[in-house]
Amino acid sequence: MTIASMTGFARVQGHDGAVAWTWELKSVNGRGLDVRCRLAPGWDALEPAAREAVGKRFKRGSLNVALAVAHSAESGAVRVNEAVLAMLVDRANALVRDNPHLAPARIDGLLALRGVIETSDALEDEPTRQSRERAVLASFAQAVDALAAMRDAEGRRLAEVLGAQLDRIAELAARAEQSATMRPEAIGERLRAQVAALIDAAPSLSDERLMQEAALLAAKGDVREELDRLIAHVTAAREMLDEGGAIGRRLDFLCQEFNREANTLCSKAAEVELTRIGLELKAVIEQFREQVQNIE
């Protein structure tokens, strides 16, 4: 499996006789799967099927689903329900007679009321409607496929970027391990200087307490454990990328572990060289985290 991005766009058009429609699907980053539907009036019945299709295909992302429907001018697709309009006119006139302070009803306001204007959807028979809905849903399936293809293509690009960033993290960890400050003689010299300073500051320390403090200083100055964990995290991240699928949440958690080790490395750094490497590590890890936010 490959990884997929959460960003993408798809537009699919279709038509059936005098009716034409357009599906637009937009997807951006999201903590979970959030689907928002905006369907043309009279087509709300398609929303459950659309949500089900999206839920089967995608695991994360904020998706906007829009359906626009148009009728040809020659189709006689729009009709005024004169019976309903006449009833509303009579009712409006009666209200004005009983309440002289009210303004007379306007025709544009009456035409805007539900049921006055009917489209061909309200006039066609049930088999025709069902057939058209199946055609519209078939177009929606094409739009979902197109969106998935775009998210997959963006995911492949992200995988290359993330792979390069992991290589850089591993390279910086190797540089830190090979730096002059990590050589045994350098570590020993720093520890001797720290112990000497401790003895000068507190000459009355017992041998046991002095050994405890020396052990604590040695632990604080040794970053090998942090470097080992960084390499282990790099390996885990590469395995996730090879595994593919919806790994965004797991990679996001791993970014927190990367940051923890880099922060500890910087806090333990006793030399400028190691501090510089630690700061560069933090910058690369932040770039890695930003890219991970795009992954499903």
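For the structure itself, consult the block above.
A few points on the structure. Keep in mind it's a predicted model, so treat the numbers as computed, not measured.

**Observations regarding the overall build of the protein**
The helix and strand inventory of the protein stands at ten helices and six strands. Evaluated residue by residue, the protein yields a buried proportion of 35% over its 296 residues. Long-range contacts, defined here as pairs at least 24 residues apart, represent 76% of the contacts in the protein between residues at least 6 apart. When the accessible area of the protein is evaluated, it comes to approximately 17,000 Å², of which 53% is carbon and sulfur surface.

**So, the packing of helix α5 (residues 126–178) against helix α10 (residues 272–292)**
The geometry of α5 relative to α10 is characterised by a closest axis approach of 10 Å and an angle of 165° between their N-to-C directions. If you check the angle between α5 and α10, you find them roughly antiparallel. The two elements α5 and α10 meet at a crossing, and its hand is left-handed. Contacts between α5 and α10 involve Arg-157, Leu-158, Val-161, Leu-162, Gln-165, Leu-166, Arg-168, Ile-169, Leu-172, Arg-175 and Ala-176 from the first element and Leu-274, Ile-277, Glu-280, Leu-281, Val-284, Ile-285, Gln-287, Phe-288, Gln-291 and Val-292 from the second. Its residues assigned to classes, the contact of α5 with α10 shows 14 nonpolar, three polar and four charged.

**Details of the nonpolar core**
Ranked by internal contacts, the top residues of the largest apolar core, which has 32 residues, are Leu-166, Ile-169, Leu-251, Phe-258 and Phe-288. Of all the elements in the fold, those that place two or more residues in this core are α5, α8 (224–243), α9 (248–268) and α10. Ranked by the residues each element gives to this core, the list is headed by α5, at eight residues. Val-19, Trp-21, Trp-43 and Ala-50 belong to the second-largest nonpolar core, a separate cluster that totals 23 residues.

**Digging into the sheet that holds strand β2 (residues 19–28)**
Pairing in this open sheet of four strands is mixed, and the strands run β1-β2-β4-β3 from one edge to the other. Edge positions in the sheet fall to β1 (8–16) and β3 (33–39), since each has one partner strand and no second. On average, adjacent strands in this sheet sit at an angle of 10° to one another, irrespective of strand direction. Examined bridge by bridge, β1 and β2 share nine bridges and lie antiparallel to one another. Across the sheet, residue His-15 finds its bridge partner in β2, namely Ala-20. Where helix α1 (residues 47–57) meets the sheet, its contacts fall on β3 and β4 (61–71), and the angle it forms with β3 comes to roughly 150°.

**Considering the pairing of β4**
Here β2 pairs with β4 via ten bridges, running antiparallel. Paired with Val-28 across the two strands is Ser-62, which belongs to β4. In the sheet, β3 pairs with β4 via seven bridges, with the strands oriented parallel. Of the residues in β4, the one forming a bridge with Asp-34 is Ser-62. The β-α-β motif built from β3, the intervening α1 and the parallel element β4 has left-handed crossover chirality.

**Section: the pattern of salt bridges**
With the rule as written, the count across this model stands at 19 salt bridges. Among the ionic pairs, Arg-132 bridges to Asp-16, the shortest N-O distance being 3.3 Å. With a gap of 116 residues between them, Arg-132 in helix α5 and Asp-16 in strand β1 connect regions that are remote in the sequence. Relative accessible area serves as the criterion here: at 26%, Asp-16 is assigned to the partly exposed category. Each of the salt bridges in this network shares a partner with another, and the network as a whole consists of Arg-168, Glu-171, Arg-175 and Glu-280.

Rules used in this analysis
- Residue positions within a chain follow its written sequence, with the count starting from 1.
- Note on the predicted model: pLDDT of at least 70 is required for a residue's local features to be given, and 80 or more for side-chain atom pairs to be given and counted; whole-chain, interface and lining totals, by contrast, use all residues.
- Side-chain calculation: all heavy atoms of the structure are included, whereas hydrogens and water are not.
- Put simply, DSSP H or I for four residues or longer makes a helix, DSSP E for two residues or longer makes a strand, and each gets a number counted from the N terminus.
- Relative accessibility under 20% of the residue-type maximum defines a buried residue, over 50% an exposed one, and the middle range a partly exposed one, all with a 1.4 Å probe and only protein chains included.
- The contact rule is simple, with two residues in contact once any of their heavy atoms fall within 4.5 Å.
- We get accessible surface area from the Shrake-Rupley algorithm with a probe of 1.4 Å; when it comes to residues, only the shown protein chains can shield them.
- Axis definition: a line fit to C-alpha positions, over the contact stretch in the case of helices; interaxial angles, taken between N-to-C directions, run 0 to 180 degrees.
- Roughly parallel means an angle under 35 degrees; roughly antiparallel, over 145; roughly perpendicular, 65 to 115; everything else is oblique.
- Should the near helix be turned anticlockwise from the far one by less than a right angle, the crossing is left-handed, and should it be turned clockwise, the crossing is right-handed.
- Here the term charged refers only to Asp, Glu, Lys and Arg, the term nonpolar to Ala, Val, Leu, Ile, Met, Phe, Trp, Tyr, Cys and Pro, and the term polar to all other amino acids, Gly among them.
- Residues belong to one nonpolar core when they are buried, are Ala, Val, Leu, Ile, Met, Phe, Trp, Tyr or Cys, and are joined through side-chain atoms within 4.5 Å.
- Two strands make a pair as long as DSSP finds a minimum of two bridges between them.
- Note on handedness: a clockwise path from strand one over the helix to strand two, with the strands aimed away from the viewer, defines a right-handed crossover.
- Salt bridge criterion: a side-chain nitrogen from Lys or Arg within 4 Å of a carboxyl oxygen from Asp or Glu.

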